[in-house]
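Here are the chains, one letter per residue:
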Amino acid sequence: MKPLNTRRDFILNSGKAGLGIYLGSSLLSACSTPSKITTTKYTTGFTQQPLPYAYNALSEAIDAQTMEIHYTKHAASYTTNLNDAAKAEGVDTTKPLEEVLRRVSKYSAKMRNNGGGHYNHELFWKIMSPTGADAPSGILAAAITQSFGSFEAFKTQFSDAGKNRFGSGWAWLVADGDRKLRIGSTPNQDNPLMDVSEIKGFPLMGLDVWEHAYYLRYQNKRPDYIANWWKVVNWPFIQERYSAVI
Ligand code: MN3
């Protein structure tokens with residue numbers, strides 16, 4: 001009993017600062033598993049990065065006009081509105097956006113919608129490429145087979161997550177706190193980094209299933225957009241992201 005009493009006395013006698021130190025160390029050990037999935041290798045700033053290819057580069061799947069409007073209008077607006085929200089809510093924009101997303105419930109709906117919108121599109125442009133491989137390889141391929149049975153089964157499950165997301169949103173492949181691969185979807189511009197998200201983890205790839213991403217070419221046929229989208233997935237980059245968190 002002596003050590004317990006000593007600890008209790010220490011907390012009672014040392015006020016808020018001591019309590020903070022004690023709780024702080026407890027929380028650190030309690031949260032050690034989720035924190036391992038964070039990586040400083042891939043962080044997102046508050047400015048829109050250049051599109052890494054021409055508007056027509058992904059035309060096997062996405063037409064040039066859709067790419068241009070999507071990048072210069074939709075995504076650019078999320079970035080502008082995110083910066084407005086950051087200014088209004090006192091967010092330090094020199095720090096990674098991920099820090100805001102992980103506690104997004106503490107901020108406004110404008111921050112949630114546009115912080116997610118900016119992050120998701122910055123990722124989306126990079127996980128597509130005109131020169132990507134047809135399929136993953138190496139440790140990511142092995143993990144996909146282990147988690148979902150086969151690459152084809154994975155594609156079906158991921159495609160279904162996109163097809164079945166009612167209204168606007170995203171389909172995701174994430175590495176969760178145990179580094180397991182999981183598939184899910186989020187509404188609107190939410191993403192798996194957010195404390196409000198049903199699926200949580202480090203986003204390896206995300207598919208935009210908002211109508212603005214496909215309507216000019218595919219109209220109501222979201223499944224056709226998704227089927228073609230596999231042709232432009234940037235597997236080497238997704239593999240790099242996976243390597244950063246395992
Ligand atoms: Mn979009």
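Given the structure is predicted, the values throughout are model-derived calculations rather than measurements.

Rules and cut-offs
Residues numbered from 1 in each chain as written. Predicted model: local features only at pLDDT ≥ 70, side-chain atom pairs only at ≥ 80, totals over all residues. Heavy atoms only, no water. Helix = DSSP H or I, 4+ residues; strand = E, 2+ residues; numbered from the N terminus. Areas by Shrake-Rupley, 256 points an atom, 1.4 Å probe, with all protein chains shown as cover. Buried < 20%, exposed > 50% of the residue type's maximum accessible area, 1.4 Å probe, protein only. Core = buried A, V, L, I, M, F, W, Y, C linked by side-chain atoms within 4.5 Å. pLDDT = per-residue confidence, 0-100. Contact = heavy atoms within 4.5 Å. Donors = N, O, S within 2.8 Å, 3.2 Å for Na, K, Ca; no water. Phe/Tyr/Trp six-rings, centres within 6.5 Å; stacked < 30°, edge-to-face > 60°. Lys NZ or Arg CZ within 6 Å of the ring centre and 35° of its normal. Polar contact = N/O pair within 3.5 Å; in protein donor to acceptor, adjacent residues only side chain to side chain. Salt bridge = Lys/Arg side-chain N within 4 Å of Asp/Glu carboxyl O. Pairing = 2+ DSSP bridges.

Another point: the overall build of the protein chain. Counting its regular elements, the protein chain contains ten helices and three strands. What you see in the protein chain, going N to C, is helices and strands ordered as α-α-α-α-α-α-α-β-β-β-α-α-α. Carbon together with sulfur atoms contributes 53% to the accessible area of the protein chain, which is approximately 12500 Å² in total.

Peptide bonds are mostly trans, and most non-glycine residues show a negative phi. Of note, the phi angle at Asn 188 is positive, near 55 degrees, even though the residue is not glycine. Tracing the sequence through the fold places Asn 188 in the loop between β2 (181–187) and β3 (202–208). Classification of Asn 188 by relative accessible area gives partly exposed; the value is 41%. Positive phi outside glycine occurs at Gln 219, with the angle close to 45 degrees. By the element assignment, Gln 219 lies in the loop between α8 (215–218) and α9 (222–229).

A few words now on the nonpolar core. Core analysis: the biggest nonpolar cluster contains 65 residues, and Met 128, Phe 154, Phe 158, Met 205, Trp 229 and Trp 235 have the highest contact counts within it. Per-element tally for this core: the top contributor is helix α3 (residues 64–88), with seven residues.

Attention now goes to the confidence of the model for the protein chain. Looking at the protein chain as a whole, its pLDDT mean stands at 87, while 84% of the residues score no less than 70. The low-confidence segment residues 1–36 (pLDDT under 50) makes nine contacts with residues lying over four places distant or belonging to another chain.

Turning our attention to the environment of Leu 82. Structurally, the position occupied by Leu 82 is in helix α3. We classify Leu 82 as buried; its relative accessible area is 0%. Linking Leu 82 and Thr 47, residues 35 residues apart in sequence, is a C-alpha distance of 9.4 Å. Not counting the four nearest positions on each side in its chain, Leu 82 is found in contact with Phe 46, Leu 97, Met 111, Asn 114, Gly 115 and His 118.

Moving on to the coordination of the manganese ion. Ideal coordination angles are 109.5 degrees for a metal with four donors arranged tetrahedrally and 90 or 180 degrees for a metal with six donors arranged octahedrally. For the manganese ion, the full set of protein donor atoms is His 70 (NE2), His 121 (NE2), Asp 208 (OD) and His 212 (NE2), and the range of their distances to it is 2.0 to 2.1 Å. Along the chain, the residues donating to the manganese ion fall in the pattern H-x50-H-x86-D-x3-H. With a gap of 51 residues between them, His 70 in helix α3 and His 121 in helix α5 (residues 109–126) connect regions that are remote in the sequence. In this structure His 121 comes out as buried when scored by relative accessible area, which is 1%.

A few words on the packing of aromatic side chains. Within the structure shown, the criterion is met by 17 aromatic pairs. Considering the side-chain rings of Tyr 218 and Tyr 225, the 5.8 Å spacing of their centres and the 55 degrees angle between planes classify their relative orientation as tilted. Linked through ring pairs, Phe 148, Phe 151, Phe 154, Phe 158, Trp 229, Trp 230 and Trp 235 together constitute an aromatic cluster. The ring of Tyr 42 has Arg 241 lying over it, and the distance from NZ or CZ to the ring centre is 5.2 Å.

It is worth spelling out the environment of Arg 165 at this point. By the secondary structure assignment, Arg 165 is in the loop between α7 (151–163) and β1 (169–175). With residues near it in sequence (within four places) discarded, Arg 165 still touches Trp 170, Ser 185, Thr 186, Pro 187, Val 209 and Arg 222. A distance of 3.4 Å separates the side chain of Arg 165 from the backbone oxygen of Thr 186, its partner in a polar contact.

Tallied over the full model, the rule gives three salt bridges. Put simply, Arg 112 and Asp 190 hold a salt bridge, and the shortest N to O gap is 2.8 Å. With Arg 112 in helix α5 and Asp 190 in the loop between β2 and β3, this residue pair connects regions lying 78 residues apart in the sequence. Taking the shortest distance from any N to any O, the salt bridge between Lys 163 and Asp 160 comes out at 4.0 Å. Here Lys 163 and its partner Asp 160 are both found in helix α7, three residues apart, which amounts to about one turn of the helix.

Attention shifts here to the side chain of His 70. Assessed through its relative accessible area of 2%, His 70 is described here as buried. Within polar-contact distance, the side chain of His 70 engages the side chain of His 212 at 3.0 Å. Filtering out sequence-adjacent residues up to four positions away, His 70 remains in contact with Ala 75, His 121, Phe 124, Trp 125, Asp 208, His 212 and Ala 213.

Most of β2 sits inside the fold, with five of its seven residues counted as buried. The pairing of β1 with β2 spans seven bridges and is classified as antiparallel. Bridged to Ala 171 within β2 is Ser 185. The hairpin turn running from β1 into β2, its antiparallel successor, is five residues long, and Arg 179 in that turn takes a positive phi close to 65 degrees.

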